[in-house]
Every structure is written in C-alpha cells, then in structure tokens.
Amino acid sequence: AGSEFPIKNLKLPKSFGYGAATAAYQIEGASTQDGKGKSIWDTFSHLEPSRTNGENADITCDHYNHMEEDVQLMKSLGIETYRLSISWSRIIPLGGRDDPVNEAGIAFYNRLIDTLLEHSITPSVTLYHWDVPEGLYSKYKAFLNTKEFRADFERYARLCFTRFGDRVKSWVTFNEPYIISIFGHLNGSLAPGHCAEVGTETATEPWLVGHTLILSHASVVQMYAREFQPSQNGKISIVLNGHFYEPYDETKQTDIDAVQVRLEFYVGWFGDPIYLGKDYPAVMKEYLGARLPSFTPDDLDLLKVTCPINGFYGMNHYSTKFVRQLMDLPAKDDWTRNIEESSTNSKGEEIGPASSMPWLRLAPSGFRKMMNWIWDRYHLPIIITENGCPCPGEADIKIATDDHFRQRYLGLYLDAISQAIYEDGIEVQGYYVWSLMDNFEWSSGFGPRYGIVHVDFQTLKRTPKGSAYYLQETFQARRNDQTRVEERP
Ligand code: GBH
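One structure accompanies this document, and this report is about it. (Residues numbered from 1 in each chain as written. Predicted model: local features only at pLDDT ≥ 70, side-chain atom pairs only at ≥ 80, totals over all residues. Heavy atoms only, no water.)

## A few points about the sheet that holds strand E1 (residues 17-21)
For the record, the criterion: Paired strands, in this sense, are two strands between which DSSP finds at least two bridges. Working definition: helices are DSSP H or I runs of at least four residues, strands are E runs of at least two. Numbering for both runs from the N terminus. Lines fitted to C-alpha atoms define the axes here, with helix axes fitted over just the stretch in contact, and angles between the N-to-C directions of these axes take values from 0 to 180 degrees. Here a residue-residue contact requires only that any non-hydrogen atoms of the pair lie within 4.5 Å.
Read around the closed barrel, the eight strands follow the order E1-E2-E3-E4-E5-E7-E10-E11; overall the barrel is parallel. Here the strands of the sheet are splayed against their neighbours by 25° on average, with no regard to which way each runs. The strands touched by helix H10 (residues 253-276) within the sheet are strand E5 (235-241) and strand E7 (313-316), with E5 carrying the most contacts at an inclination of about 160°. Seen against the sheet, helix H13 (residues 364-378) touches E7, strand E10 (382-386) and strand E11 (428-434) and runs at an angle of roughly 155° to E7.

Encoded structure:
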C-alpha cells in the first residue's frame, strides 16, 4: 500500500518553522497539585467516566513534574517551536475576574517558558484549549453567558499577557471554537457535555457559544493591540479546525454545493467574523434563522477594527470526508442543512487509508485544497497549528515506535504544504505536529496515540518513535536543498 502514496520529500522554505503541539489538560496531570482548581474536564471525566473511556487526565503524562525532561527531549529531536496551552484553573483556580491568582501556577509556566527559551525553543501559547474553570461553569454556565464569560476571559488574558508576554510573542485565544460549540454544547460528547436536548431544530446553545467565543476573541485581540503589542511586539490569532470535503457524487450539483455549505458552516462561521470583520455566512443565517445570534452595530465595529490585527490563520487540519445533501429524506434537520458526511463516495471509493480513528484518513490532496480555500477567502499567512494521526493498531505496543503509517502521513502532508507554497503561491509559515507525545485523547481516553514520542502510562517513560526522527531529518533535508529551495519573497 505504501507505494500507492510515495512521499516526494518536496522542499520547504528555509524560514519554515518546525514545531510540536500539546494541550494542558491532555499532558500536564498534577490535577490538584500546587493549588490548581478544577476545570470542566475534571468534572466531565470523573462524573461519568464512560464518557472518557473510563479514564481521566489526573496524571496522564505528568508533564507538570517532567517539564525539564520534556523540553530537553524536544531539543534533542530538533523541535524549534512549541505550542502549549495554559490551564486557566491552574493560575486562577476559581476562574473569575475577582478570584485570587495562584502564584504557584504562574511559577510553573514561567519555568516552562524560561526553560524553552534557554533551549532556543520558541513558545506559542494558547490561552484556552477546552478546560474552562469549573467555577465559571457552575456559576453561570461559562460560554452560555456572553457578558460574564467575556469579562472573566479578558481578565485571564490580561494576566497572561502581563506575566508571560515579555517572553511569549505568539498567542492564540481559543483552540477550535467549532468543537467547543458543537461537541461541547450540541451533542455533548466533550466537556461540559451539554446536550441541546430540545433537539437540533430549536437548539440555540451551540450558536450562542460560538457568538461568545467570537466576541471574547475580538475583545482580547483589541486589548492586546492597545495595551501590550506596542511594548511586547507579539502576534495574536485564533485556531480554527476543519476537515476538507469532496462531493459524494461528483455528477450531482447538490453534492458539489454541499462542499461549500459544509466549509462555510465549519470554518466560515468563525473565520468570516474574525478574519473578515463580517457577519456570519449567508447560508448559516438563512438556514438557522433566529437560532443564530445577531451582531450589534458595536459588535461589527469591534470585529472590523480587530480583524486586521490577527497576525496569522491558525489551522488545525487532519482529514477529508465526502459530503452529500440528503434531498429526498424528510428534513430531519441535521443543522448543516441535511448534509451527511462519509469516508466512502457513491462509487464505493474510500477517501484514503484509515488511521485508528474512523474519521481520520490519509488524504493529503484535501489538505492542499483546504489551504487554497482558506487562502482565497482570508488571504492571511497560514500556520499549521496541528496535524498528525494515530496509526492503525498502535495500541499494540510492539509497533508503537515503528510507526510507518504516521511517517507516511506526515511526509505526504508536508509535500502538500510544499505544493501549496510553491505551486499555489500560498504563504504557509510553519508547522506544528500533533502531538509531541501520546496523551489523553479526550472522549477516547488513552486509546489513540498521536505522539511522535511514545509514553508508557505506567512508568511515564518517554521513547521517541520513528516519526520523531523522520520529522527531524525531513525538515533538515527539505529546507536544506540549496539547488531547489528558494526563500519566500
Ligand atoms: C484536535 O481536535 C484537538 O485540538 C486536540 O486536542 C486533539 O487531541 C486532536 O485534535 C486529535 O483529535 O467522530 O466524525 O464526529 C480535532 C477535532 C474533534 C476532530 C472530534 C474529530 C470527531 C469527529 N476533533 N472529531 S467524528
């Protein structure tokens, strides 16, 4: 099967950055150490463990107590930038704007940032990767209360910029607002596990959550630009995820149209307000009607003022799916306009080889098309903030470090980036592999292993996989090809 998808090792610009990404809840552990407060993920995993494969991240990789070792490991693997997230409840245990700050939590992130810089690894910090303090959820349901959440998030962000911004020059407000809204507040498969029980036809919660996230992002971007950027000189943006889509039946106009509809619901929902300073995509307004909150004139002014401050498009991307519009069925209201996703098309062809996750298949041409779609719509430099996969059968320890599927996946996705840069003229500035190490994969617990470093969760021993060495070597080779590599203009 390998020969069907040969890696071409295409060149990358000399300035192209090689990084690895993680998130606080997935790797830190130390869930109550040094005064850390609870987050919605502590509640979610403990209250009903079947929602997380019976597991929780109380300990996970124990990165909190292995931080120096992990930074040294990154250095030894040639990793140049590290995307981490801060645990809000570690530094403000109850979360709110009047709640006390936990200096021990601040000290941990100071040590982490300093250790990275001592090893010449550039930190990129995500303020929010899904772990809102439980205190804010029990008090006012967090994102479901726009005004309260926005004020508390501003205070948290200001604290981070004040305490870490002298050394952190790359900031992300929220990781994947789509997932927070849909998986957290529509189907409830991720924390806080809020199911819009009234049914998707009338549910307003996910769209309200999205609205809160967009406005909270914009306020914090404005604050950063006014109060911090002049002296700190950093960049700020948000990270959006999204599969790419291909028509289920390429001869059907409705299936071809479904691709665009699906992308606008997935990416345009957040991208249009944030990166274009515009209202929600027309197709969303038309289909969701009054369920979708409206921006006030003041909101739109704020979005217009802040949209050019976003310094990059943060892109998480893993895979591609087929879509079709279910025209003949009664409109049961699948909220994306009766669009169904699948990994097989009308001819029975698969979109690509399967990883161990049913939704994640190797489909690099979709990745290239996705970069084109984003570039055409937003025209902003792209940073790939997450990309990676678990190998089929990787739970089997014997193949854990011998991860050919992952190497092929990563190699082909890097080839797609090269083509996007040199053939399509897109500005792609850097790449973070998901993930530095195996970790707690949310609702799947410790089942899927996304790391380029293997973690034995009994002994906490870290062992680099083949893909860690592959990435180190391929980045060197791809950026070192004197005859072919040209600098980006
Ligand atoms: C990212 O989310 C996260 O940022 C990261 O924390 C996570 O570990 C990583 O990806 C790997 O999953 O079964 O068809 O309903 C990616 C968003 C959300 C994509 C759940 C897949 C399930 C799709 N993921 N989603 S499906």
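Once the structure has been displayed, the description carries forward.
## Things to note about unusual backbone geometry
We apply this condition: Note on exposure labels: buried denotes an accessible area under 20% of the residue type's maximum, exposed denotes more than 50%, and partly exposed covers the range between, all computed with a 1.4 Å probe on protein chains only.
Looking along the chain, the bond that leaves Ala-191 and enters Pro-192 is cis, with omega of 5°. Across the junction of Trp-434 and Ser-435, the peptide omega takes the value 10°, indicating a cis bond. Located in the positive-phi region is Asn-233, a residue other than glycine, with phi close to 60°. Inspection of the secondary structure puts Asn-233 in the loop between helix H9 (205-232) and E5. In this structure, Trp-442 is a non-glycine residue whose phi angle is positive, near 45°. Mapped onto the elements, Trp-442 comes out in the loop between E11 and strand E12 (453-455). For Trp-442, a relative accessible area of 4% corresponds to the buried category.

## Focus on the state of the cysteines
Test applied: Here, the term disulfide refers to a pair of cysteine sulfur atoms separated by no more than 2.5 Å.
Scanning the model with the defined rule gives zero disulfides in all. Cys-389 carries a free sulfur, and the closest cysteine sulfur to it, the one in Cys-391, is 5.5 Å from it. Residue classification places Cys-389 among the buried positions, given a relative accessible area of 0%.

## Some points on the environment of Lys-139
Its place among the elements puts Lys-139 in helix H6 (residues 134-140). Along the chain, Lys-139 and Gly-96 lie 43 residues apart, while their C-alpha atoms are 9.6 Å from each other.

## Some words on the nonpolar core
Selection criterion: To form a nonpolar core, buried Ala, Val, Leu, Ile, Met, Phe, Trp, Tyr and Cys residues must be joined to one another through side-chain atoms within 4.5 Å.
Counting residues in hydrophobic clusters, the biggest one holds 160 residues, and the most contacted among them are Met-371 and Ile-417. If near-sequence neighbours (up to four positions away) are discounted, Ile-417 is found in contact with Leu-12, Phe-16, Phe-367, Met-371, Ile-384, Val-428 and Tyr-431.

## Some details on the packing of aromatic side chains
Put simply, the rule reads: Only Phe, Tyr and Trp rings take part, Trp by its six-membered ring, and two of them pair if their centres are within 6.5 Å. Stacked means planes under 30 degrees apart, edge-to-face means over 60, and tilted covers everything else. Only when the NZ of Lys or the CZ of Arg is both within 6 Å of the ring centre and within 35 degrees of the ring normal is a charge said to sit over the ring.
Inspection of every chain in the model, using the stated rule, returns 42 aromatic pairs. Geometrically, the ring pair formed by Tyr-25 and Trp-41 is tilted, given 5.9 Å between the ring centres and 35° between the ring planes. Linking Tyr-25 in helix H1 (residues 24-27) with Trp-41 in helix H2 (residues 40-47), this pair joins segments that are 16 residues apart in sequence. Between Trp-88 and Phe-153, the aromatic rings sit 5.8 Å apart at their centres with planes inclined by 55°, giving tilted as the arrangement. With Trp-88 in helix H4 (residues 88-91) and Phe-153 in helix H7 (residues 146-164), this pair connects stretches of sequence that are 65 residues apart. Judged on exposure class, the residue Trp-88 and its partner Phe-153 are both buried. Pairwise contacts between aromatic rings join Tyr-25, Trp-41, Phe-44, Trp-130, Phe-440, Trp-442, Phe-446 and Phe-457 into one cluster. For Lys-11, the ring lying beneath its charged end belongs to Tyr-422, and the centroid distance is 4.2 Å.

## Focus on the pattern of salt bridges
Here the idea is simple: oppositely charged side chains can pair when their charged atoms come close. What counts here: Each salt bridge in this description consists of a side-chain nitrogen of Lys or Arg and a carboxyl oxygen of Asp or Glu lying within 4 Å of one another.
Following the criterion strictly, the structure yields 28 salt bridges and no others. The residue Glu-394 makes a salt bridge to Lys-465 at a minimum N-O spacing of 2.6 Å. You can see Glu-394 sitting in the loop between E10 and helix H14 (404-422) and its partner Lys-465 sitting in the loop between strand E13 (462-464) and helix H15 (466-479), a full 71 residues away along the chain. Residue Glu-394 shares its accessibility class with Lys-465, and that shared class is buried. Here the salt bridges share partners, and the residues they tie into one network are Glu-394, Asp-403, Arg-406, Asp-438, Arg-449 and Lys-465.

## Some details on the packing of H7 against H9
Here is the rule: Throughout, the term roughly parallel applies to angles under 35 degrees, roughly antiparallel to angles over 145, roughly perpendicular to angles from 65 to 115, and oblique to all others. Helix crossings are classified by the rotation of the near helix relative to the far one: an anticlockwise turn of less than a right angle makes the crossing left-handed, while a clockwise turn makes it right-handed.
Where H7 meets H9, the closest approach of the two axes is 9 Å, and the angle between their N-to-C directions is 30°. Taken together, the axis directions place H7 and H9 in an arrangement best described as roughly parallel. Handedness of the crossing formed by H7 with H9: right-handed. Between H7, through Thr-146, Phe-149, Arg-150, Phe-153, Glu-154, Ala-157, Arg-158, Phe-161 and Thr-162, and H9, the contact on the second element is made entirely by Leu-208, Thr-212, Leu-215, Ser-216, Ser-219, Val-220, Met-223, Tyr-224, Glu-227, Phe-228 and Gln-232.

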